[in-house]
Amino acid sequence: KMIASQKLMKVFVTRRIPQEGMKVLSQSGIFDVQLWDSNEPVPKVELLRGVAGAHGLICLLSDKIDKEVLDAAGTSLKVISTFSVGFDHLAIDEIKQRGIRVGYTPEVLTDATAELTVALLLATARRLPEAVEEVKNGGWSTWKPLWLCGYGLSGSTVGVVGLGRIGLSIAKRLKPFGVTRFLYTGRQPRPESAAEIQGEYVPLDKLAEESDFVVVSCALTPETQGMCNKDFFAKMKKTAVFVNSSRGAVVNQDDLYNALTSGQIAAAGLDVTVPEPLPTSHPLLTLKNCVVLPHIGSATYATRGTMSVLVANNLIAGLKGESMPSELKL
Ligand code: NDP
Ligand code: DGY
């Protein structure tokens, strides 16, 4: 038995993940799975220890896989399978240099994330958290014509920053609310996707100027980092609502705070922040017109289960030298 287990490939899993995925790993019978058996992030020192000599790594968006981690893993590491579609936490250049393959989870979380983004947009625009609070704290005295009014989607213009899988899926869900015009930005026009929503490809400043709702759904890259800044918010309408479900770092949070407090924009809904978690003392959390969620875009039971299976299958295929269900092209 000892000899057999020595032949197993070592896989390090940085967090407790849904059972469905763990089952796929164990049923493959080819791994010695070492799990950081916790709901909390693995400390760096344990990550470095865990990856040493591993052939495969299953990681989360909260694990920074940098040169130090890759060096600690050594030449045995052949596949990284991340439990996310975003890959800004991976040092892609270093990974590519080492010939390591990467699996990720596109498509399977698109619906859940788009749905959550629509929920966040509506909650922000129609001031739901504030309204619920008023019911609980006795602020609800009577029906008042001028109380807790917000902004509706009917007849509006929606600007999508990054018309990718999730961006398009958000736009398609918003259309039946009566949105009359969709604008979008990106590195280049995406005519096929745009046709589904009659979207117009525009420069970022035009999107800011003309949108009643701005939805950010792009990848975090050096180019998009801090893209929603002072200049961007200054161009937005005073009545516009800003929603971000991509990555926190796409937004300059100090600039957003100033835009929200000076009345430059109406409200903001954020599913992602810098850092995560956002400290409870953060200034953004003092604002009634800012709704912050704890990065729950893909958080349905079914989606997380499906993600875990895809993550396991990506890893297995990668380590067998086969084509992965979802391989990131490096
Ligand atoms: P896609 O790759 O399909 O879409 C990414 C989009 O980013 C593309 O449309 C791309 O447009 C756009 N983009 C890239 N560079 C720029 C740029 N410089 N300016 C504007 N847009 C740009 O990915 P998904 O839709 O599947 O996911 C998008 C992101 O959502 C993920 O990277 C992840 O960070 C985040 N996410 C968040 C979740 C949450 O829980 N809140 C859940 C899942 C994902 P183009 O190529 O045309 O430039
Ligand atoms: C991702 O997959 O990138 C999300 O942020 C979490 O599902």
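What counts as what
- Residues numbered from 1 in each chain as written.
- Chains lettered and ligands numbered in written order.
- Predicted model: local features only at pLDDT ≥ 70, side-chain atom pairs only at ≥ 80, totals over all residues.
- Heavy atoms only, no water.
- Helix = DSSP H or I, 4+ residues; strand = E, 2+ residues; numbered from the N terminus.
- Buried < 20%, exposed > 50% of the residue type's maximum accessible area, 1.4 Å probe, protein only.
- Polar contact = N/O pair within 3.5 Å; in protein donor to acceptor, adjacent residues only side chain to side chain.
- Contact = heavy atoms within 4.5 Å.
- Near = heavy atom within 4 Å.
- Areas by Shrake-Rupley, 256 points an atom, 1.4 Å probe, with all protein chains shown as cover.
- Nonpolar A, V, L, I, M, F, W, Y, C, P; charged D, E, K, R; others polar.
- Pairing = 2+ DSSP bridges.
- Right-handed = clockwise from strand over helix to strand, strands pointing away.

A. Representation of the side chain of Ser76 within the structure. Within the secondary structure, Ser76 sits in the loop between helix H4 (67–73) and strand S4 (79–82). Of the residues examined, Ser76 reaches a relative accessible area of 17% and is grouped as buried. Within the structure, Ser76 has its side chain in polar contact with the backbone oxygen of Ala54 (distance 2.8 Å). With sequence-adjacent residues up to four places away left out, Ser76 is seen in contact with Gly53, Ala54 and His55.

B. Examining the site of ligand 2 more closely. Around ligand 2, the structure places Leu61, Ser84, Val85, Gly86, Leu109, Arg247, His295, Ser298 and Met307. Between ligand 2 and Gly86 there is a distance of 2.9 Å, counted from an oxygen atom to a backbone nitrogen or oxygen. A distance of 2.7 Å separates an oxygen atom of ligand 2 from a polar atom in the side chain of Ser298. Relative to its unbound accessible area of 230 Å², ligand 2 is 89% covered by the protein chains. Here the shell around ligand 2 is composed, by residue class, of four nonpolar, four polar and one charged.

C. Fine view of the pairing of strand S11 (residues 267–270). Side chains Ala267 and Gly269 of S11 all project onto a buried face; the interleaved residues Ala268 and Leu270 project onto the opposite face, where all are buried too. Two strands pair when backbone bridges link them, and strand S10 (residues 241–244) and S11 are joined in this way by four bridges, in the parallel orientation. Across the sheet, the residue bridging to Val243 is Gly269, located in S11. Considered for its hand, the β-α-β crossover made up of S10, helix H12 (residues 253–261) and S11 is right-handed. As defined by bridge partners, S11 adjoins strand S12 (residues 290–292) across three bridges and the pair is classed as parallel. Of the residues in S12, the one forming a bridge with Ala268 is Cys290.

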